[in-house]
Amino acid sequence: MGRHSVSAAESASDDATAGPFRSIRDRFPFKRNNSNSNYSSTNTLTRSSSKATLSSHKTSRSHHHHKRKLSLSPFRGKSCFYLCIFTVIFTFALASMVLQSSITSVLRQGVGGDRMRWRWSVKDGLKEGSSLEFMPRRRFELNGSRVDWLRSQPRIGIRPPRIGLILGNMEKDPSALLLYSVMKNLKGLGYLLKLYALGDGRARSIWQEIGGQVSILSPERYGYIDWSIFEGIVVDSLEVKDAISSLMQEPFCSVPLIWIIQEDTLASRLQLYEDKGWDRLISNWKNAFKRAGVVVFPEFSFPMLYSVLDTGNFFVIPGSPIDVWAAESYSKTHSKSQLRKENGFDTDDMLVLIVGSSFFYNELAWDYALAMHDLEPLLLKYAGSDEAGFTSKFIFLCGNSSKDYSDALQDVATRLRLNEQSVKHYGINSDVNGIILMADIVLYGSSQDEQGFPPLLTRAMSFGIPVIAPDKPVIRKYVVDGVHGVLFPKNDPEALKNAFSLLISEGKLSRFAHSVASSGRLRAKNMFAEECIIGYAKLLEYVFDFPSDVLLPSRPSQLNNSIWEWSLFRMELDQISSNTENLYREGSSGPNSGIVYDLEEAMLNDPTSSNETQDHSENPGEDIPTILDWDILDEMESSEEVDRLEREEIEERMEKNIGEWDDIYRIARKSEKLRFEVNERDEGELERTGQPICIYEIYSGAGGWPFLHHGSLYRGLSLSTRSRRLSSDDVDAVGRLPILNDTYYRDILCEIGGMFSIANGIDDIHKGPWIGFQSWRAAGRKVSLSKKAEEVLEKTIQENSKGDVVYFWACLDMDGGIVGNNDLLTFWSTCDIMNAGRCRTAFEDAFRRLYGLPSNVEALPPMPEGGGHWLALHSWAMPTPSFLEFIMFSRMFVDSLHSLHINTSKPSDCLLGFSAPEKHCYCRLMELLVNVWAYHSARKMVYIDPHSGLLKEQHPVEQRKGFMWAKYFDITLLKSMDEDLAEAADDYDHPYKPWLWPLTGEVFWQGVYEREREERYRLKMDKKRKTKEKLLDRLKHGYRQKTLGGG
């Protein structure tokens, strides 16, 4: 393993050559799956010039040897001086080659037989002088996020940003400690938490302290949550895979999702899936990972282990309390003296544990060779002679617990003439916690440059063991030299020996060593907490969307000096018993790995999966049709077509029994029902026959299906053809209004686009006197009509069929808490809050352009400032003629608004938002437009309580006198304006391109009627002419029957 790396560009080019690796934490004995598995990696492998690195290393080593040798004999001329230098260099190179050859030969013998078969050879993929580094495909710039710019803009937020948190379980474990600490601090920044969990647990009470009532999610409830009310979703563990299935459907696909994965259970199984050919299972997991905007891991080894599933959204926020938790748990059930006795060490032995990089390379022994040579002066002083006055033993923690590794290490010790049994080897698959706990000093001896702090050092510090480490940047970042540990310049054996001597006094640990150990233990407890918590706060600002009505969170810098919430989990640690060891041997993931094995079992029980594996092994070219196959197929199709034509001609000439009239009528009706075009005339249409009202429920994806109602009163209105409910008579809005097939227009119009589709040729689909609409969100927010309210509405409509009345049941103060009980907010101020403070300006400019008003004339219709409810969520009902008037006005208004948007200097920016990518630009303004139209067109506005059905009139017409701008909403004026626009569209006189108004509905004026009448007359005359010509031709030439098979 090397110590240098090159630029990101070079590292990216070597992406395909990345070697396999295993996190050292993955081989701890408390991991659930420490079985041998093979990992293939596509992550970046950074390289540097091996020759230059090794050359510089040899030079530095020879320099130190040179000084030691010269002290034994005086100079005897220049030739003797050069001879000594050559001897030292040759000796060092020979020892290095022997050491590397010894260890490498052990590895090449296939240690452990089948147990080592899973390990991937990195001999060709990873060379000396190289280093592993995780380079995310997509760079997340967390410093200077868009929220910083939003903080500089004028803003009136009235509600906190909401986070939907889905927990895999509610147990008290290290992963829960991390997540709870993060969420508690996020709540302090101003976020509002809503908690969901897949199962109950002992941590429920502490979660309720920060998030209120926890909702337990069962598989039946996954689709009945309106995720659109949240600014973002945070999910924890692999167990939530099925719970986020609804988030993979519209309209929830755009809701930001952050997936935190702290377990490696799935990573240890990926190679097995590849070996068995379970591509479908890998694809299943990969699609789930792809849905997340960011997949967050707690350490840099995890994204490499999960590299098979990487879709470019992997990210690392380093830091986790798992090492401290494991150390404290282990310390409660084990003692240093007992562990030494079990492993054959005396109480007075000075045990020095040497640990390496977090990655273990099966056939790469160079890192260990370099470590041995860096340790050579130390080994010779304390293990090569009896001058030290006490027994020192050096323990190497690497590889596997096999005799071949130990023999190789002992062979090296013999070559260096070290004392017998002064060097011992333990494998990573042994009791790592016990090995660290029984050590007196832990030395980090790897030359590998790592991105994250070595986890074994964290665990050693948590056990209260003094540590010695090279002064690498990642170590200097967390450890202060002489306070939390002892640092030494890397590649400096003399400095390492001096650092070691500081910790030993008269064969025991010095007072300085005890001080360092105590400070290191306190430091390790919350060493990563501040960086981790602030990292999550910045990530949320980068990923989440903050609408204009949302209060912005406080700055993450306020979270300095954050710590893990140990106090709430202390009881769990205090109750550690002998059973805890077995718990940690199963893995930190614990119950969070059940879904991995459940999916594997489902794959095994699926008969098609085994067939797929067999099919892959067969020759894939056998099923590919050749040119000859295609020619034969063409001949067969041609022959069948000739036979079909002959049969049709024969049937036409044969006499047929017409049958009874009743049979003919029944067959005709049956054929009509089979035709897709008359799908609207099915049982649902028959049930609605005679009813005074039909409420169209607008939805835009399969995620909204569970919120829709069933029955004759309701009918679905799908804004997307692909998301239309199966076996239903839902209206296809795209089929009725082709503009909705364009994603851009469908996004900016939202539900109002569905209303435009119903109004376009309304006689073909709706014949009732009353019409209503309701967004799918009304049911998700508990403001849809109850059975009692439905009965009240139908009864009221039947009894009072006359008069223009607008009934509504979802009011503005229920729309996600927009207004609440704050009576200081007026209609226009609320609209400003919902539209980035630009509602009044945009409405006034669009209204002025629509009616051609001069600049000195007021163009913002007045609205009452206090009291009363306003319509929201497109949930209302009105007479059908009134609906057509509203649509006529809405089409012209949205066209005027769109023209302002198109003519701005930055058409890509949203006219009613803070950011360019706001795709639902006009939606929130168009949602409130019905209030302005109903108020100023003198419609009676009645609020019906969706639960009790009580009716209450809002803003009585008598109180509006003197405030209404009725002249602008007069039906005669609106029809005249509509005809003018239709004439311009008919003459291709478009004010801008593409012109929105002709695309939103019918284009009709008197000229269109006259042209259609002339066209009908022309077709009638053509038909008469052709009939007359055909009759004359028969009279002249007679009627001749065609021969069978003739042309």
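Look up a bit, the structure's there.
Quick caveat: nothing in here was measured; it's all calculated off a predicted structure. (Residues numbered from 1 in each chain as written. Predicted model: local features only at pLDDT ≥ 70, side-chain atom pairs only at ≥ 80, totals over all residues. Heavy atoms only, no water.)

(A) Expanded view of the overall build of the chain. When you go through the chain residue by residue, the secondary structure sums to 39 helices and 25 strands. As displayed, the chain offers around 49200 Å² of accessible surface, 52% of which is attributable to carbon and sulfur atoms. (Helix = DSSP H or I, 4+ residues; strand = E, 2+ residues; numbered from the N terminus. Areas by Shrake-Rupley, 256 points an atom, 1.4 Å probe, with all protein chains shown as cover.)

(B) Here's a closer look at the sheet that holds strand S12 (residues 423-426). A sheet is described by the order of its strands in space; here six strands give the open sequence S12-S11-S10-S13-S14-S15, paired in parallel fashion. Of all strands in the sheet, those bounded by a partner on one side alone are S12 and strand S15 (486-488). On average, each strand axis in the sheet is inclined to that of its neighbour by 25°, with strand direction left out of account. Strand contacts of helix H16 (residues 455-462): strand S10 (350-355), strand S11 (392-397), strand S13 (441-444) and strand S14 (467-470), with the helix running at about 155° to S14, the strand carrying the most contacts. Running at roughly 165° to S15, helix H18 (residues 493-502) makes contact with S10, S13, S14 and S15 of the sheet. (Pairing = 2+ DSSP bridges. Axes fitted to C-alpha atoms, helices over the stretch in contact; angles between N-to-C directions. Contact = heavy atoms within 4.5 Å.)

(C) Expanded view of the pattern of salt bridges. The final tally for this structure, using the stated rule, is 33 salt bridges. The shortest N-O distance in the salt bridge between Asp549 and Arg924 comes to 3.2 Å. Of this pair, Asp549 sits in the loop between helix H20 (529-543) and helix H21 (566-574) while Arg924 sits in helix H36 (residues 923-936), and the two are 375 residues apart along the sequence. Owing to a relative accessible area of 0%, Asp549 belongs among the buried residues under this scheme. A residue is classified by how much of its surface remains accessible, and Arg924, at 24% relative accessible area, is partly exposed. In this structure, Arg1011 and Asp986 form a salt bridge, with 2.7 Å as the shortest nitrogen-oxygen distance. You can see Arg1011 sitting in helix H39 (residues 1006-1037) and its partner Asp986 sitting in helix H38 (residues 971-986), a full 25 residues away along the chain. Each of Asp148, Arg151, Glu541 and Arg555 takes part in salt bridges that share partners, so that together they form one network. (Salt bridge = Lys/Arg side-chain N within 4 Å of Asp/Glu carboxyl O. Buried < 20%, exposed > 50% of the residue type's maximum accessible area, 1.4 Å probe, protein only.)

(D) Focus on the state of the cysteines. According to the stated counting rule, one finds two disulfides in the structure shown. The side chain of Cys750 participates in a disulfide bridge whose partner is Cys923; the two sulfur atoms lie 1.7 Å from each other. Taking the sign of the S-S torsion, 60° for the link of Cys750 and Cys923, the bridge is right-handed. Here Cys750 is found in the loop between helix H29 (743-749) and helix H30 (751-759), whereas its partner Cys923 is found in helix H36, with 173 residues between them in sequence. For the pair formed by Cys750 and Cys923, the shared burial category is buried. Two residues, Cys831 and Cys839, share a disulfide whose sulfurs are 1.8 Å apart. Linking Cys831 and Cys839, the disulfide has an S-S dihedral of approximately 75° and is accordingly described as right-handed. The burial state of Cys831 is the same as that of Cys839; both residues are buried. (Disulfide = S-S within 2.5 Å.)

(E) Region of the structure containing the nonpolar core. Ranked by internal contacts, the top residues of the largest apolar core, which has 85 residues, are Ile758, Phe773, Trp876 and Phe883. Residues contacting Ile758, with those up to four places away along its chain left out, are Tyr696, Leu717, Val731, Arg736, Ile765, Ile771, Phe773 and Phe883. One finds Tyr196, Ile225, Leu247 and Ala779 within the second-largest nonpolar core, a separate group that totals 51 residues. (Core = buried A, V, L, I, M, F, W, Y, C linked by side-chain atoms within 4.5 Å.)

(F) Up close: the side chain of Asp173. Mapped onto the fold, Asp173 is located in the loop between strand S3 (162-167) and helix H5 (174-188). It is Arg202 that comes nearest to the buried, bridge-free Asp173 among opposite-charge side chains, at 7.7 Å. Within polar-contact distance, the side chain of Asp173 engages the backbone nitrogen of Ala176 at 2.8 Å. (Lys, Arg positive; Asp, Glu negative; His and termini not counted. Polar contact = N/O pair within 3.5 Å; in protein donor to acceptor, adjacent residues only side chain to side chain.)

(G) Representation of the sheet that holds strand S9 (residues 314-316). Pairing is parallel in the open sheet, where seven strands are placed in the order S5-S4-S3-S6-S7-S8-S9. Strands at the two margins of the open sheet, each flanked by one partner only, are strand S5 (215-216) and S9. By the bridge criterion, four bridges tie strand S6 (residues 232-236) to strand S7 (residues 257-260) in an arrangement that is parallel. Note on S7: the bridge partner recorded for Ile233 is Leu257.

(H) Inspection of helix H33 (residues 827-834) at higher detail. Taken across its eight residues, H33 has eight buried, putting it largely inside the fold. Those residues of H33 lying buried are Phe827, Trp828, Ser829, Thr830, Cys831, Asp832, Ile833 and Met834. Next to the buried residues of H33 lie helix H34 (839-851) and H36.

(I) Representation of helix H8 (residues 279-291). Here H8 contains 13 residues, and its C-alpha end-to-end distance of 18 Å stays within 8% of the 18 Å for a straight helix at 1.5 Å per residue. Burial in H8 covers these residues: Leu281, Ile282, Trp285, Ala288, Phe289 and Arg291. Where H8 is buried, its residues contact S7, helix H7 (270-276), strand S8 (294-297), S9 and helix H23 (594-605). (Expected span 1.5 Å × (residues − 1).)

(J) Region of the structure containing a nonpolar patch on the surface. Taken together, Leu628, Ile632 and Met636 make up a surface patch of nonpolar side chains, about 300 Å² in accessible area. Inspection of the secondary structure puts Met636 in helix H25 (residues 627-653). (Patch = residues over 30% accessible without salt bridge, like charges linked within 9 Å, V, L, I, M, F, W, Y side chains within 5 Å.)

(K) Region of the structure containing the packing of aromatic side chains. Applying the stated rule across the entire model yields 46 aromatic pairs. Pairing Phe843 with Phe893 gives two aromatic rings, centres 4.7 Å apart and planes at 40°, and the pair type is tilted. Linking Phe843 in helix H34 with Phe893 in helix H35 (residues 880-902), this pair joins segments that are 50 residues apart in sequence. Both residues of the pair, Phe843 and Phe893, belong to the buried class. (Phe/Tyr/Trp six-rings, centres within 6.5 Å; stacked < 30°, edge-to-face > 60°.)

(L) Focus on the pairing of S11. Most of S11 sits out of view: six of its six residues are buried. Residues Ser392, Phe394 and Phe396 point to one face of S11 and Lys393, Ile395 and Leu397 to the other, with burial holding for every one of them. In this structure, S10 lies alongside S11, joined through six bridges in parallel fashion. When the bridges of S11 are listed, Ile354 appears paired with Phe396. Here S11 runs beside S12; their pairing, made up of four bridges, is parallel. In the sheet register, Phe394 faces S12, and the bridge partner there is Val423.

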